[in-house]
Amino acid sequence: MAILFLAQAALGTIMARLPDSAIKFDLYQWHKSNGLLILAFALVRIAWRLADPPPPLPAAMPPWERRAARANHLLLYGALLAIPVAGLALVSASPLQVPTVAFGVLYVPPLPLPRDEALEAALIALHGTLAFAALALVAVHVAAALRHRFVLRDGVLARMLRPPP
Amino acid sequence: MHRACSPTLAAAFLALIAVAAPATGDTLLESAAGRYRIAPDASRVDFHVGQLGGGPGINGHFSDVRGTFTIDGRDLSRSTVEIVIGTGSAETGNERVDRFLRGGAVFHAEKFPEATFRSTRVTRTGPDTAVIDGVLTARGISERARFGARLADRGPRRIGFRVAGELFRSRFGMPVGTPAYADRVVLDMDLVGERI
């Protein structure tokens, strides 16, 4: 999922800067397909996490750090839902009404939004802002994980990568 | 009973019938025969590309349509049509779509400013209908194409036809957007010619 997300952020940034071409159109459709895949995975992951909560944080972890970790995780899950939904919303609001066909095989109907170029532009901005905010959250998440591994050495990163038996 | 009709009166009567009778198909053809230039102000070439999910698809027309056609008065099959369309003139009412159509993904109007159709054969299918076979060239690629034509309107100096046909754009190097956007392009035209 992390790889998909990072690839998606890169794709989204690059594709928007291309001149009009067949490649650009195709990349946009890949980006939409990928986004829907991430959304599906995110829903599965969230359901999994609710059903099977992670082990408790180490006893030594201070309260501010617990709150920060919880906030980071909540926001990341929120972003994994909000960003693709914002993407589907902007497509739905576009006067162009380009159909969404995930990976060329699965038709996804547009959301019932008014077709308005201003709304589309606003949702594009929101989608981009959320994506870059999420990248910042990811950076914090990665930095914190490395801190657990190399500074605190409290076994949290090992737990993330390989769950305890 | 004496002989009622003089030869002169009989001839006059026959002549009257001949004039009053409706023109046969051949007479229609003969009177339409000639060379025409397509009148851009009165002609229209519309296109439609469907999309998945029942949305509107891409709908527009070409504002730059030129050409000539000749109608052979004695043998319709020897009639000819040549149409030239400015590929940069596609208009859908949405500037973003128009720009995309003009661009490299579709018509590549900068490199291929014209699409042409040159007929090879006209086959009459009814009193006012015909099938036109020919070669369509777009984006540097030539493929056979067929259109159906129906006489719509005629005057002494103008003649109009409804012409319809379809093609698969992937054969002309513009498959972008399939399957979300249909490969099939439906063309619907009003072609009005002025005698030259």
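Quick notes on the rules
Residues numbered from 1 in each chain as written. Chains lettered and ligands numbered in written order. Predicted model: local features only at pLDDT ≥ 70, side-chain atom pairs only at ≥ 80, totals over all residues. Heavy atoms only, no water. Buried < 20%, exposed > 50% of the residue type's maximum accessible area, 1.4 Å probe, protein only. Helix = DSSP H or I, 4+ residues; strand = E, 2+ residues; numbered from the N terminus. Contact = heavy atoms within 4.5 Å. Buried area = accessible area lost by both parts, 1.4 Å probe. Salt bridge = Lys/Arg side-chain N within 4 Å of Asp/Glu carboxyl O. Polar contact = N/O pair within 3.5 Å; in protein donor to acceptor, adjacent residues only side chain to side chain. Nonpolar A, V, L, I, M, F, W, Y, C, P; charged D, E, K, R; others polar. Axes fitted to C-alpha atoms, helices over the stretch in contact; angles between N-to-C directions. Left-handed = near helix turned anticlockwise from the far one by under 90°. Expected span 1.5 Å × (residues − 1). Arc of directions from axis to C-beta.

A. Main features of unusual backbone geometry. Omega for the peptide link from B:Thr178 to B:Pro179 comes to -5 degrees, which places this bond in the cis form. One non-glycine residue, A:Phe103, adopts positive backbone phi at about 55 degrees. We classify A:Phe103 as partly exposed; its relative accessible area is 42%. For B:Arg139, which is not glycine, the phi torsion reads 55 degrees and is therefore positive. Mapping B:Arg139 onto the fold places it in the loop between strand 8 (129-138) and strand 9 (141-154).

B. Representation of the interface of chain B and chain A within the structure. Contacts between the two partners involve 15 residues from chain B and, on the opposite side, 15 residues from chain A. Where chain B abuts chain A, roughly 1300 Å² becomes buried across the two surfaces, and 64% of that area is made up of carbon and sulfur atoms. The partner of A:Glu117 in a salt bridge is B:Arg96, and the shortest N-O contact between them spans 3.4 Å. Counting the contacts that link chain B with chain A gives 3 residue pairs in polar contact (both at pLDDT 80 or more). By residue number, the principal contributor to the side of chain B that touches chain A is helix 3 (residues 95-102) of chain B, which donates 4 residues. Residue composition of the side of chain B that touches chain A, by class: 8 nonpolar, 5 polar and 2 charged.

C. View of the packing of helix 2 (residues 22-51) of chain A against helix 3 (residues 63-93) of chain A. Residue and element names in this part refer to chain A. At a closest axis distance of 9 Å, the pairing of helix 2 and helix 3 adopts a crossing angle of 145 degrees. Handedness of the helix 2/helix 3 crossing: left-handed. Along its contact with helix 2, which presents Lys32, Gly35, Ile38, Leu39, Ala42, Leu43, Arg45, Ile46 and Arg49, the element helix 3 presents His73, Tyr77, Leu80, Leu81, Pro84, Val85 and Val91. For the contact of helix 2 with helix 3, a count of residues per class yields 11 nonpolar, 2 polar and 3 charged.

D. Representation of helix 1 (residues 2-16) of chain A within the structure. All names here are of chain A. Taking 1.5 Å as the rise per residue, helix 1 with 15 residues should run 21 Å; its terminal C-alpha atoms sit 22 Å apart, in good agreement. The complete set of buried residues in helix 1 reads Phe5, Gln8, Ala9, Leu11, Gly12 and Met15. Here the buried residues of helix 1 occupy an arc of 165 degrees about the axis, which is enough to place them on one side. Pointing more than 90 degrees away from the buried face of helix 1 are the exposed residues Ala2, Ile3 and Ile14.

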